[in-house]
Amino acid sequence: GYLYAYSRWSLHRSAEPVYSPNSIFIHEKIDFKLFPNPFSECLIIELTYNQYLYKSFPLKVFDFNGRLVYSQSIDRQITIDLSFLKPGIYYVTLSDGLRQLTKPILKHL
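Here goes a summary of the coordinates provided. As the structure is a computational prediction, the values presented were derived from the model and not from experiment. (Residues numbered from 1 in each chain as written. Predicted model: local features only at pLDDT ≥ 70, side-chain atom pairs only at ≥ 80, totals over all residues. Heavy atoms only, no water.)

Quick word on the sheet that holds strand S8 (residues 88-95)
Quick note on the threshold: Should DSSP find at least two bridges between two strands, the strands are taken to pair. Numbering of helices and strands starts at the N terminus; helices are DSSP runs of H or I of at least 4 residues and strands are runs of E of at least 2. All axes here are fitted lines through C-alpha atoms, helices being fitted over the stretch that makes contact, and every angle between N-to-C directions spans 0 to 180 degrees.
With respect to topology, four strands assemble into an open sheet ordered S6-S5-S8-S9, the strand pairing being antiparallel. Every other strand in the sheet has two partners, leaving strand S6 (68-74) and strand S9 (100-107) as the edge strands with one partner each. The average undirected angle you get between the axes of adjacent strands in this sheet is 20 degrees. Taken together, the five bridges between strand S5 (residues 57-63) and S8 define a ladder with antiparallel strand orientation. Each residue of the ladder has a partner; that of Asp 63, found in S8, is Tyr 90.

What about the nonpolar core?
The line we're drawing: Only buried residues count toward a nonpolar core, which is a set of Ala, Val, Leu, Ile, Met, Phe, Trp, Tyr and Cys residues joined through side-chain atoms within 4.5 Å. Each residue's exposure class comes from its accessible area (1.4 Å probe, protein chains only) as a fraction of the maximum for that residue type: buried when under 20%, exposed when over 50%, partly exposed otherwise. Contacts were defined at the residue level, with two residues in contact if any of their heavy atoms lie within 4.5 Å.
Among the nonpolar cores identified, the biggest contains 20 residues, and Leu 43, Ile 45, Ile 80, Val 92 and Ile 105 are the most heavily contacted of them. Taken together, the elements giving at least two residues each to this core come down to strand S3 (32-35), strand S4 (42-47), S5, S6, strand S7 (77-81) and S8. Ignoring anything within four residues of it in the chain, the contact list for Leu 43 reads Leu 34, Phe 35, Pro 36, Ile 78, Thr 79, Ile 80, Leu 82, Val 92 and Ile 105.

Structural notes on the environment of Pro 87
Looking at the element boundaries, Pro 87 is found in the loop between S7 and S8. A relative accessible area of 47% places Pro 87 in the partly exposed class. With 47 residues separating them along the chain, Pro 87 and Ser 40 place their C-alpha atoms 8.2 Å apart. Apart from residues lying up to four places away in sequence, Pro 87 is in contact with Lys 107, His 108 and Leu 109.

Points about the pattern of salt bridges
Where side chains of opposite charge bring their charged atoms close, a pairing between them can arise. Quick reminder of the rule: One side-chain nitrogen of Lys or Arg within 4 Å of one carboxyl oxygen of Asp or Glu is enough to make a salt bridge.
Summed over all chains, the structure comprises three salt bridges. A salt bridge links Asp 31 to Lys 103; the nearest nitrogen and oxygen atoms lie 3.0 Å apart. Of this pair, Asp 31 sits in the loop between strand S2 (11-13) and S3 while Lys 103 sits in strand S9, placing them 72 residues apart in sequence. Classification of Asp 31 by relative accessible area gives partly exposed; the value is 28%.

Geometric descriptors of this kind do not, in isolation, establish any biological role.
Here it is as structure tokens:
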């Protein structure tokens, strides 16, 4: 994704990835940050690296028994209101269509 240029004394790289409709896309590892964890009402979810440049990803929150309690798409960072949930352990899942990453969260009083 980056454009490189070489001069006699140095190598330069573009600041942002460069893509064309004909370029081959190699998937990066998906990852995201959750904070605060534990939370009481709102949870901030932020994609790491530059994944948000490509598309939005489905984000799902499951309870301890595997029931879906929340679903939304994310493309960079969102703050979600989970104040309606009871205290306990939940799981946040993010998928890019090929891979899925799940992280635990704790809701306290």
